[in-house]
Amino acid sequence: MQKNKYIRAVIWLSLVFTFNWSAVAKDPLPSWNDGVSKQTIINFVERVTDPENPDFVAKGDRIATFDNDGTLWAEQPLYAQLMFAIERIHVLAEKYPEWKTKQPFSLILKGDIKGALSAGDDAVMDIVMAANAGMTNEQYTEIVKEWMGRATHPVSKKKFSEMIYQPMLELINYLKVNDFKNYIVSGGGIEFIRAWSDLVYGIPAEQIVGTIMVTKYEEVDGKRVIVRYPEMSFYNNKHNKVIGISNHIGKRPIAAFGNSDGDIQMLQYTTSGQGARLGMIIHHTDEKREWAYDRKSKIGHLSKGLDMAKELGWTVVDMKNEWKSIYPNSN
């Protein structure tokens, strides 16, 4: 067990941190250009960790929450979990012959992804629910791990674990070494993210807050297991992110990071508390190194959040101008 933990730690460190550890003390955020966002982060951390500062926060209350899609890794042209689900529909098709004539499954099996998704959120929900159910949690975790180990992004051809944002990885580590407890608070499936979050981000499974499917405690082949069903129990988005934080964490965060209007309530809840607070929006402005999108995008739609940021004192990070690099080992 200890050996496995050691191997995982080595893999994570080699993937995540491409900068020299000797430089950390001089510059904890080397992939961030000097500017307002970087200085805001550093000033905030210094204030809440200095016992002599009136804004000092005890270690146990240093809670930071991060959205995942579009905040910690790329979400275009489709969410990673949706791409996983589309592949699973093909894998499971033999078990469900009715899918050959049932929408949106028949279109996916014909390769018409655009047509399958044209029905909107209901179609997406049908796909995700069907693809992520019908097995135990343990079986599901192994399937997700296997997929993450080989699946590649349709545009970059990089593995999805390489589509993570280097500046945000540095931020996670900077907060961690300053005794923050980092949580992912995502609209994605909680067990989907838990399968790889520790390896990719260094954030353990118990610090994931996400969408929950209906599960039941059952006996299968003589073993007591948790079985997944194609129904949603809790959709962790918008105001539900605050409920999820309350239920899973039990404390109001002092820092929150998002990128879309789905993160507004989490940012509001965080920054409306007493004492020093940090709310930050990652704004996708780099059409060359990543994607440029906000108000008109169906994925990562950011409109109200941009309008509210100035009024509520949230920092908007311009990816194009404030990040030296986007992904690990890239410019």
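The present account deals with the structure reproduced in this document.

Conventions used here
Residues numbered from 1 in each chain as written. Predicted model: local features only at pLDDT ≥ 70, side-chain atom pairs only at ≥ 80, totals over all residues. Heavy atoms only, no water. Pairing = 2+ DSSP bridges. Helix = DSSP H or I, 4+ residues; strand = E, 2+ residues; numbered from the N terminus. Core = buried A, V, L, I, M, F, W, Y, C linked by side-chain atoms within 4.5 Å. Buried < 20%, exposed > 50% of the residue type's maximum accessible area, 1.4 Å probe, protein only. Contact = heavy atoms within 4.5 Å. Expected span 1.5 Å × (residues − 1). Arc of directions from axis to C-beta. Salt bridge = Lys/Arg side-chain N within 4 Å of Asp/Glu carboxyl O.

### Points about the pairing of strand β3 (residues 208–220)
No. 1: Two strands pair when backbone bridges link them, and strand β2 (residues 181–189) and β3 are joined in this way by three bridges, in the parallel orientation. Each residue of the ladder has a partner; that of glycine 189, found in β3, is threonine 211.
No. 2: When β3 meets strand β4 (residues 223–234), the two strands line up antiparallel, connected through eight bridges. Following the sheet pairing, lysine 216 is matched in β4 by valine 227.
No. 3: Count of turn residues in the β3/β4 antiparallel hairpin: two residues, of which aspartate 221 carries a positive phi of about 55 degrees.

### Some remarks on the nonpolar core
No. 1: Counting residues in each nonpolar core, the largest one holds 75 residues, and the members touching the most others are Met168, Trp196, Tyr201 and Phe257.
No. 2: Ranked by residues supplied to this core, first place goes to helix α3 (residues 80–92) with eight residues.
No. 3: When neighbours within four sequence positions are excluded, phenylalanine 257 is seen to be in contact with Ala64, Thr65, Phe66, Asp67, Thr71, Met168, Leu171, Leu175, Met266, Leu267, Leu278 and Met280.
No. 4: If you look at the next biggest cluster of nonpolar residues, it comprises 16 residues, including Ile63, Ile264, Leu302 and Trp314.

### Topic: α3
No. 1: In this model α3 runs 18 Å from its N-terminal to its C-terminal C-alpha over 13 residues, within 8% of the 18 Å that 1.5 Å per residue would give.
No. 2: Counting buried positions over the 13 residues of α3 gives 10, a clear majority of the element.
No. 3: Within the sequence span of α3, burial applies to Ala80, Gln81, Leu82, Met83, Phe84, Ala85, Ile86, Arg88, Ile89 and Leu92.
No. 4: Contact partners of the buried residues in α3: α4 (105–109), α5 (113–117), α6 (121–131), α7 (137–150), β2 and α9 (190–194).

### Some details on helix α12 (residues 264–271)
No. 1: Every buried residue of α12 is listed here: Ile264, Met266, Leu267 and Thr270. Along the axis of α12, the buried positions cluster into a sector of 165 degrees, meaning they face one direction only.
No. 2: Looking at the packing, one finds that the buried side of α12 touches β1 (63–66), β2, α11 (239–248), β5 (255–258), β6 (278–283) and α13 (304–312).

### Examining unusual backbone geometry
No. 1: At the junction of glutamine 76 and proline 77, the peptide bond is cis and its omega measures out at -5 degrees in the coordinates.
No. 2: Structurally, proline 77 can be placed in the loop between β1 and α3.
No. 3: Note the cis peptide between glutamine 103 and proline 104, where omega equals 0 degrees.
No. 4: Mapped onto the fold, proline 104 is located in the loop between α3 and α4.
No. 5: Phi at lysine 157 takes a positive value of approximately 70 degrees, unusual for a residue other than glycine.
No. 6: If you trace the backbone, lysine 157 turns up in the loop between α7 and α8 (166–177).
No. 7: Taking the relative accessible area as the measure of exposure, lysine 157 reaches 58% and is therefore exposed.
No. 8: Of note in this structure, aspartate 179 is not a glycine but carries a positive phi near 65 degrees.
No. 9: Mapped onto the secondary structure, aspartate 179 falls in the loop between α8 and β2.

### Let's talk about the pattern of salt bridges
No. 1: Applying the stated rule across the entire model yields 15 salt bridges.
No. 2: Measuring nitrogen to oxygen at the nearest pair gives 3.0 Å for the salt bridge that ties lysine 38 to aspartate 27. Taken together, the residues lysine 38 in helix α2 (residues 36–49) and aspartate 27 in the loop between α1 (2–16) and α2 connect sequence positions 11 residues apart.
No. 3: Here aspartate 179 ties to arginine 62 by a salt bridge, and the two come within 4.0 Å at their closest N and O atoms. Placement of the pair is aspartate 179 in the loop between α8 and β2 and arginine 62 in the loop between α2 and β1, with a sequence separation of 117 residues.
No. 4: Look at aspartate 179 and you get partly exposed, because its relative accessible area is 35%.
No. 5: Members of the salt-bridge network, linked through shared partners, are Asp27, Asp34 and Lys38.

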